[in-house]
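Architecture at a glance
Spelled out, the chains give:
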Amino acid sequence: SKATVSVLYWKSKNMSHRKFEQPRHGHLGYLPRKRCRHVRGRVRSFPVDDATQAPHLTAFMAYKAGMTHIVRDLDRAGSKMHKKEVCEPVTIVDCPEMVVVGIVGYKPTARGLRAVSTLWAQKLSDSMLRRYYKSWYAAKKKAFTKYTSKFEENKEARETMYSRIEKNATVLRVLAHTQPNKLKLGSKKAYVAEIQINGGSMADKLKFAQGLLEQQVTVGQVFKESERCDVIAVSKGHGMEGVTHRWGVSRLPRKSHRGLRKVACIGAWHPSRVAYTVARAGQNGFHHRTELNKKIYKMGEAAAKCEKGNATTSMDITEKHITPLGGFPHYGVVNNEYVMLKGSVPGPVKRVLTLRRPLAPQTSRAAQEQVSLKFIDTSSKQGHGHFQTQAERAKFMGTRKKDIQN
């Protein structure tokens, strides 16, 4: 009857059943999941050159200090949170000045770019020279000694190299290194990287690069507030990991024989091989990763140059610096210029990051938004953090025993 058919249809429509298909566990686009050979994030693609712009640098190296949170009014028409307060996590990146020590020009060939000439500065710091030695203590420290001693004699040869670069090269990059002596990381060896110069003609690029030789470059010369940048870094390492954590596969039933954090079937009898797509145990973390389009919320001044504190906002006029009470965990105090990025970035604290200008033009409404911060949290990151400054804490706690001078 029609009634019986309708009841059966209602039951079949509302009865649940197990899914027979689901997406695979783990992305195959990041294979092989192996340890990176280097700690520094390498720029594998620079932004496309635009000759109509003025010559400018396209990347900068900095160090991850830690995270905090901010409060701001969202200015995004069309969003449900438009003109409302939002609380967002941010990453603080310590940005001591970099030093430009070389110039290299490239020309295109059938097998990619080929170096035309490389020129070095006369004065090279010990932190940069340490990069050429595994054991600085046991080394003879002969790197660049002959080059620097004959620097004035080889003036004509350098002019010839400059003319060769201007005539033949289509890509110009500077060699720049970080200054670990401005941080308390326990490392004395600088990271050296090539940074491409975009904008203008080759003569303009060369003149711009010559003006930077042996000069310090600040992060403010590369990026501006409310812009976006790409972050290239090596992620935090976790060593050897099993399939459940490494690939996110499901655990087997509780009574499974010989363990349950495993993959039950690793393939058919034939082909008699294990496919590369099957989740297996192995290295997890310490992978080279690039995260695109990170919004720059704030470009902070160095603590010594800022009288009223580099974490003061228009709404929060408390004079305070970006370093939270007790310092950033496992990092310490941020004394240099800093960049505040929205969200998280790859790697642990103290890891060197490469900040690159975005590859794609940023035309979206979120990208064009001008950020205005109302509050930056500087409470302690080692507990619940009730106080923003030492003065606020002292006012609440009163005089303590250790404050009384004998």
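Please refer to the structure placed before this passage.
Summary of the structure given here. These numbers were taken from a predicted model, which means no experiment stands behind them. (Residues numbered from 1 in each chain as written. Predicted model: local features only at pLDDT ≥ 70, side-chain atom pairs only at ≥ 80, totals over all residues. Heavy atoms only, no water.)

Bringing the pairing of strand S9 (residues 228-234) into the picture now. With respect to burial, S9 is a largely interior element, seven of its seven residues being buried. Across the two faces of S9 the burial is the same, with Arg 228, Asp 230, Ile 232 and Val 234 and Cys 229, Val 231 and Ala 233 all buried. Where S9 and strand S14 (residues 352-356) come together, three bridges link them in antiparallel fashion. Each residue of the ladder has a partner; that of Asp 230, found in S14, is Arg 356. (Buried < 20%, exposed > 50% of the residue type's maximum accessible area, 1.4 Å probe, protein only. Helix = DSSP H or I, 4+ residues; strand = E, 2+ residues; numbered from the N terminus. Pairing = 2+ DSSP bridges.)

What follows deals with the environment of Val 99. Along the chain, the position of Val 99 falls in strand S4 (residues 98-109). On the basis of relative accessibility, which here comes to 12%, the residue Val 99 falls in the buried class. Along the primary structure Val 99 and Val 217 are separated by 118 residues, whereas in three dimensions their C-alpha atoms are 6.1 Å apart. Each residue touching Val 99, except ones within four places of it in the same chain, is listed here: Leu 175, Ala 176, His 177, Gln 179, Glu 214, Gln 215 and Gln 216. (Contact = heavy atoms within 4.5 Å.)

Our focus in this paragraph is unusual backbone geometry. Following Leu 31, the chain continues to Pro 32 via a peptide bond in cis, the omega torsion being -5 degrees. Summarising the element assignment, Pro 32 is placed in the loop between helix H1 (2-14) and strand S1 (56-57). A cis amide bond, omega 0 degrees, links His 270 with the succeeding residue Pro 271. Mapped onto the fold, Pro 271 is located in the loop between helix H6 (243-247) and strand S11 (282-285). One non-glycine residue, Lys 83, lies in positive phi territory at about 65 degrees. Tracing the backbone through its elements, the reader meets Lys 83 in the loop between strand S2 (59-73) and strand S3 (85-94).

On inspection of all chains with the given rule, the structure shows zero disulfides. Unpaired in terms of disulfides, Cys 95 finds its nearest cysteine sulfur in Cys 229, a separation of 9.3 Å. For Cys 95, a relative accessible area of 2% gives the class buried. (Disulfide = S-S within 2.5 Å.)

Across all of its chains, the model carries seven aromatic pairs by this definition. Taking the centre distance of 5.0 Å and the plane angle of 65 degrees together, the rings of Trp 120 and Phe 144 count as edge-to-face. You can see Trp 120 sitting in strand S5 (residues 112-120) and its partner Phe 144 sitting in the loop between helix H2 (126-129) and helix H3 (145-149), a full 24 residues away along the chain. Judged on exposure class, the residue Trp 120 and its partner Phe 144 are both buried. Following the ring pairs from residue to residue traces out a cluster consisting of Trp 120, Tyr 132, Phe 144, Tyr 147 and Phe 151. Here Arg 131 stacks its cationic end above the ring of Tyr 191, 5.0 Å away from the centre of that ring. (Phe/Tyr/Trp six-rings, centres within 6.5 Å; stacked < 30°, edge-to-face > 60°. Lys NZ or Arg CZ within 6 Å of the ring centre and 35° of its normal.)

Quick look at the pattern of salt bridges now. Scanning the entire structure with this criterion turns up 16 salt bridges. The salt bridge partner of Lys 205 is Asp 49, with a shortest N-O separation of 2.8 Å. With a gap of 156 residues between them, Lys 205 in helix H5 (residues 202-212) and Asp 49 in the loop between H1 and S1 connect regions that are remote in the sequence. Overall, Lys 205 belongs to the buried group, its relative accessible area being 4%. Arg 356 serves as the salt-bridge partner of Asp 230, at 2.8 Å between the closest nitrogen and oxygen. Taken as a pair, Asp 230 in strand S9 and Arg 356 in strand S14 lie far apart in primary sequence, 126 residues in all. With a relative accessible area of 0%, Asp 230 lands in the buried category. Overall, the relative accessible area of 4% leaves Arg 356 in the buried class. Among the charged side chains, a salt-bridge network with shared partners connects Arg 72, Arg 76, Glu 88, Lys 342 and Glu 369. (Salt bridge = Lys/Arg side-chain N within 4 Å of Asp/Glu carboxyl O.)

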